[in-house]
Amino acid sequence: MSAAYWRRAINSGAAARMQARPSPTQPSVVVGVDRSEPTTRGWVAFLRRELSVRHVVILVGVLIYPFVASPFFTYQIGAQALALGLIALSLTMLAGYGGMVSLAQMTVAGLAGYLVAIFGHSAATAISLNWPWWVAVPFALALAVVFATAVGWLSVRTEGIYTIMITLAIGVALFYLAQQNYTLLNGHQGFNQVFPPKIGDVDFRAPVAFYYLALACALLGYFFVKHLVRTPFGVALQGIRDNQRRMHALGYNVMAHRVAAYAVGGLLAAVGGVLITWYNNRISPGSMGLGVMINILVIAVLGGMKHPVGAFVGAIVFVLLQNFAIDLVDRERFNLVIGGVFLVIVLFSPDGLLGLWAMVRSRFGPQSPNTNQRRHP
Amino acid sequence: MKVMKRRVWVRSLLAAAVAAAVVSPAWSQETLKIGLLATLEGPFAVPGQDSMRGADLALKEKNGMAGGKKIEFIKLSSDATPDKAVASTRKAVEQDKVPIMIGPLSGDEGIAVKNYAKTQPGVTFINGSSGAQATTLQDPAPNFYRFNTEGAQWMVGLGEHALAKGYKKVFLIAEDYGFPYSQVQGFMASYCAKGGKVVDKAWVPLGTKDYSSVIARMPKDIDAVLVVLGGSDAVNFLTQYEQTGGNKPMIGGSITVDQTVLNFKGKRRESLLGTASAGPMADSIDTPEWKKFVADYKAAFKDGFPSPSLFAYLYYINTKATLDALDAVKGDLSNGHKAYREALQKTNFKGPAGTVKIDSNRNGVGPTYITEVVKASDGSFYNKVVKTVPDISQTLGLSETEFKKMGLGSRDVPDCRK
């Protein structure tokens, strides 16, 4: 969203509503795509506004995917990419719309995974509390959000590289805590046999069921972020990203908005973390180590941060490369392929794969009005 | 639009690369694919490469054929984390459709792969070099075979040897994860039973650089230090122990007294002489089988080590057992691998470092070599075999009930302070 757009949004009276701080979940058409019916709140109208043919094609595609793909592609590629994408989405939201690059998103996710293992069932029977999943999961998510908010409190007063440094420090600190704490976090070994729940007749350990679980969470997360960035809160967040001092002068509490963004991002990352823990059936310090923290950043950058879908596009490419690069180059050289592809994409398109897509579109069609344009890089 | 064309071209190239990767090569009757997993990334990347050499050597000896079929290794990598090991194994099994899978390299990976093996009853899993006790002792998978002995077995006999040398009280320093737990148990099981005392244990995180706090709390009245550290950790400890004036003799774990330690150049170098350690193999085994193995390894891999590492040896025997059994059934994998698995169970061959066979839990039963550091005529140090303990079972020579009473090795098990 450009500053000009933002100014127009204020002039159109949206600012008055924003200062009254309506609930962020309430749909409000600040950046109306379809200005002819700005007051329509109906379900059908909402769908018509939000969905295009492209959306329907992709939606149908992801829904029938498990029926055409092998269990391997359903589980290891599909479900893993969706879960990783959800964690990367939290970073896309923070970095792309809030201008805050947090490396601690995987730490929040890992913490949620650890909490599910501690509250729920695992092989470490001396530690796990064996609560049913419908108690364990909400508690885990809630505590992870509290942690994410705390990370936000610590890091929002910093800018740019310092935000990266402080979140990196928090992530590494938690990694070593998990590595060395035996009473609660079970040290190096972590928790084995953390299985997804069985609900009725559906066992979410099965590839297809787990895929749909991951898909449901990913879709909810995606549409939530897509919606959030158009609410007064989201618009204010982008305003803070583009010009913090002007937003402050306009009477916005900059710090509170940023901390709130961390909390929301924390929830997305926590859901992704629970999914990835169930996916691996285990969690250990290595699951949230430095390498994995950076992988999340790589996924977000690879996909492109201008739109929430970039996180998932990046995750799919990343997971495919991780799995199949070794088939292209034998033995220990295959990491060169992974690195090379990242380099090529970032070099030729600073906006990631979405940037490439936008370039193709600009040749063959009109520019999408929904892309999150940034004036200040 | 030159830039644009180039970008489109790069995109197409990438798409083609991904497509080429996704479409796996067509199945051929003549070729049998076997998955081969080792750590080609992360902290064990160098041992991982040598593991691959060990497996390649076993296949090379058979001219690339087993059971009348051409064998093709589908090579896979992990970074020593269980997550990655299972992901790579799953790819080989479910995507590349390998009927037989060899790997992984390290202990925690082994447990994770064993758990995955249970969900794939139609595939036969052979261990690579992982040595966690729990893999075959706790809840074993019926289709997971381990032809090598594990970490605790490798230390059996070292306890008695230490007592014979007059070490009645030792202080333990070891890395804080599964493999050293097993090693320490293997040492302590017989050491404690015969009256030795381990007065205190210091568990340090993998990759510790500063040992001063551990050295400071070492009691004065000990006879020796039991050091179960690997690679650079061992050298760092040794250097700092020397700098603070430590002078107690050392007892080493199976991966402690390796070439990096033997080439230690400090003032204490001479005091390394006599350091005892134990393992499933030793560089100086004086049998024709071992000498042939070393010569073959050297001839096959110009870029390899001067002598095959522990990992190359373990992957070698596991791969050899895999291929021998294929020969025995003439490549017949029908009926859910029934005949093949029976052949695997019957495995009994003379490997480079002693007999290779397995017990009813499908875990290796084999010899352990007790070694001591001695000086060669050219002044270099090497591990000389002083004793061979044959046929060590996974219960460390104890009866099954006695062993169960002790439990698996952990930070606090076993314990004999006083």
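Calculation notes
Residues numbered from 1 in each chain as written. Chains lettered and ligands numbered in written order. Predicted model: local features only at pLDDT ≥ 70, side-chain atom pairs only at ≥ 80, totals over all residues. Heavy atoms only, no water. Salt bridge = Lys/Arg side-chain N within 4 Å of Asp/Glu carboxyl O. Buried < 20%, exposed > 50% of the residue type's maximum accessible area, 1.4 Å probe, protein only. Helix = DSSP H or I, 4+ residues; strand = E, 2+ residues; numbered from the N terminus. Disulfide = S-S within 2.5 Å. Contact = heavy atoms within 4.5 Å. Buried area = accessible area lost by both parts, 1.4 Å probe. Polar contact = N/O pair within 3.5 Å; in protein donor to acceptor, adjacent residues only side chain to side chain. Pairing = 2+ DSSP bridges. Axes fitted to C-alpha atoms, helices over the stretch in contact; angles between N-to-C directions. Expected span 1.5 Å × (residues − 1). Parallel < 35°, antiparallel > 145°, perpendicular 65-115°, else oblique. Left-handed = near helix turned anticlockwise from the far one by under 90°. Nonpolar A, V, L, I, M, F, W, Y, C, P; charged D, E, K, R; others polar. Right-handed = clockwise from strand over helix to strand, strands pointing away. Patch = residues over 30% accessible without salt bridge, like charges linked within 9 Å, V, L, I, M, F, W, Y side chains within 5 Å. Areas by Shrake-Rupley, 256 points an atom, 1.4 Å probe, with all protein chains shown as cover.

Student: Looking at this structure, how should I read the pattern of salt bridges?
Tutor: If charged atoms from side chains of opposite charge come close, those side chains can pair. Counting across every chain of the model gives 27 salt bridges over all chains. For Arg 241 of chain A, the salt bridge is made with Asp 242 of chain A, and the minimal N-O distance between the two is 2.9 Å. Side by side, Arg 241 of chain A and Asp 242 of chain A carry an identical accessibility label, which is buried. With its nearest N and O atoms 2.7 Å apart, the salt bridge here joins Asp 50 of chain B to Arg 53 of chain B. Here Asp 50 of chain B pairs with Arg 53 of chain B, and both are found in helix 2 (residues 45-61), just three residues apart, close to one helical turn. The two residues Asp 50 of chain B and Arg 53 of chain B agree in class, both being buried.

Student: I would appreciate a short explanation of the state of the cysteines in the present structure.
Tutor: What is meant by a disulfide is a covalent connection between two cysteines, made through their sulfur atoms. All names here are of chain B. In the structure shown here, the tally under the stated rule is one disulfide over all chains. Between the sulfur of Cys 192 and that of Cys 416 lies a disulfide, 2.0 Å long from S to S. Around the S-S axis, the bridge from Cys 192 to Cys 416 shows a dihedral of about -50 degrees and counts as left-handed. With a gap of 224 residues between them, Cys 192 in helix 7 (residues 178-193) and Cys 416 in the segment after helix 14 (400-406) connect regions that are remote in the sequence.

Student: Before we go on, may I ask you to explain the interface of chain B and chain A in this structure?
Tutor: Interfaces are often sized by the amount of accessible area the parts lose when they come together. Contacts between the two partners involve 37 residues from chain B, matched on the other side by 34 residues from chain A. For the pair chain B and chain A, the summed buried surface comes to about 3,500 Å²; carbon and sulfur atoms form 61% of the total. Summed over the shared surface of chain B and chain A, the number is two salt bridges. A salt bridge links Lys 91 of chain B to Asp 327 of chain A; its shortest N-O distance comes to 2.9 Å. The tally of links from chain B across to chain A stands at nine residue pairs in polar contact (both at pLDDT 80 or more). Of all the elements in the fold, those that place two or more residues in the side of chain B that touches chain A are helix 1 (2-22), helix 2, strand 3 (69-78), helix 3 (82-95) and helix 4 (107-117) of chain B.

Student: Would you mind showing me how to read unusual backbone geometry here?
Tutor: Residues and elements named next belong to chain B. Between Gly 103 and Pro 104 the backbone carries a cis peptide bond, its omega angle lying at 5 degrees. Along the polypeptide, Pro 104 turns up in the loop between strand 4 (100-102) and helix 4. Residue Pro 414 follows Val 413 across a cis peptide bond; omega there is -10 degrees. The residue Pro 414 is located in the segment after helix 14 in this model. Look at Arg 362: it is not a glycine, yet its phi comes out positive at around 65 degrees. A relative accessible area of 12% places Arg 362 in the buried class. Here Leu 396, not a glycine, exhibits a phi torsion of approximately 60 degrees, which is positive. Take Leu 396: it is sitting in the loop between strand 15 (381-392) and helix 14. The class of Leu 396 is buried, set by a relative accessible area of 8%.

Student: Would you mind going over the sheet that holds strand 6 (residues 144-145) of chain B with me for this structure?
Tutor: Neighbouring strands of a sheet are bound in pairs by backbone hydrogen bonds; such pairs are parallel or else antiparallel. All names here are of chain B. Read from one edge of the open sheet, six strands run 2-3-1-4-5-6, paired in mixed fashion. Of all the strands in the sheet, the pair left with one neighbour each is strand 2 (65-66) and strand 6. Together, strand 1 (31-39), strand 3, strand 4 and strand 5 (124-126) form the strand contacts of helix 3, whose direction differs from that of strand 3 by roughly 150 degrees.

Student: Is there a simple way to explain helix 7 (residues 160-180) of chain A in this structure?
Tutor: An α-helix turns once per 3.6 residues; consequently, residues spaced three or four apart project the same way. Residues and elements named next belong to chain A. Taking 1.5 Å of rise per residue, 21 residues should cover 30 Å, and helix 7 covers 31 Å from first to last C-alpha, within 8% of that figure. Where helix 7 is concerned, the buried positions are Thr 163, Thr 167, Ile 170, Gly 171, Leu 174, Phe 175, Ala 178 and Gln 179. The secondary structure elements touched by the buried residues of helix 7 are helix 5 (105-119), helix 6 (133-155), helix 11 (254-280) and helix 12 (290-303).

Student: Even after reading the chapter, I still don't get the environment of Met 106 of chain A, so can you show me in this structure?
Tutor: All names here are of chain A. Of note, Met 106 is situated in helix 5. Judged by its relative accessible area of 3%, Met 106 is buried. Contact partners of Met 106, with chain neighbours within four places excluded, come to Ile 87, Ile 276, Ser 287, Met 288, Val 292, Met 293 and Ile 296.

Student: Would you mind showing me how to read the packing of helix 12 (residues 310-328) of chain B against helix 13 (residues 334-345) of chain B here?
Tutor: For any two helices packed against each other, the geometry comes down to the angle between their axes and how far apart the axes lie. Residue and element names in this part refer to chain B. Relative orientation of the contacting elements helix 12 and helix 13 amounts to 125 degrees, with a least axis distance of 9 Å. In this view, helix 12 runs oblique relative to helix 13, as classed from their interaxial angle. With respect to the hand of their crossing, helix 12 and helix 13 are arranged in right-handed fashion. Seen from helix 12, the contacting residues are Ala 321, Thr 322, Ala 325, Leu 326 and Ala 328; seen from helix 13, they are Tyr 340, Ala 343 and Leu 344. Taken together, the residues that form the contact of helix 12 with helix 13 break down as seven nonpolar, one polar and no charged.

Student: Looking at this model, I keep getting lost on the pairing of strand 7 (residues 169-175) of chain B. Mind explaining?
Tutor: Within a regular strand, side chains alternate between the sheet's two faces. Residues and elements named next belong to chain B. Of all seven residues in strand 7, six are buried; the element is thus mostly enclosed. Pairing of strand 7 with strand 8 (residues 197-204), which is carried by seven bridges, proceeds in the parallel orientation. Each residue of the ladder has a partner; that of Lys 169, found in strand 8, is Lys 197. Note on the crossover from strand 7 through helix 7 to strand 8: the handedness is right-handed.

Student: Honestly, a nonpolar patch on the surface in this entry has me stumped. Any pointers?
Tutor: All names here are of chain A. Among the surface-exposed residues, Val 56, Leu 59, Val 60, Leu 63, Ile 64 and Phe 67 lie close enough to one another that they form a single nonpolar patch of about 530 Å² accessible area. Looking at the secondary structure, you find Leu 59 in helix 3 (residues 53-68). Residue classification places Leu 59 among the partly exposed positions, given a relative accessible area of 30%.

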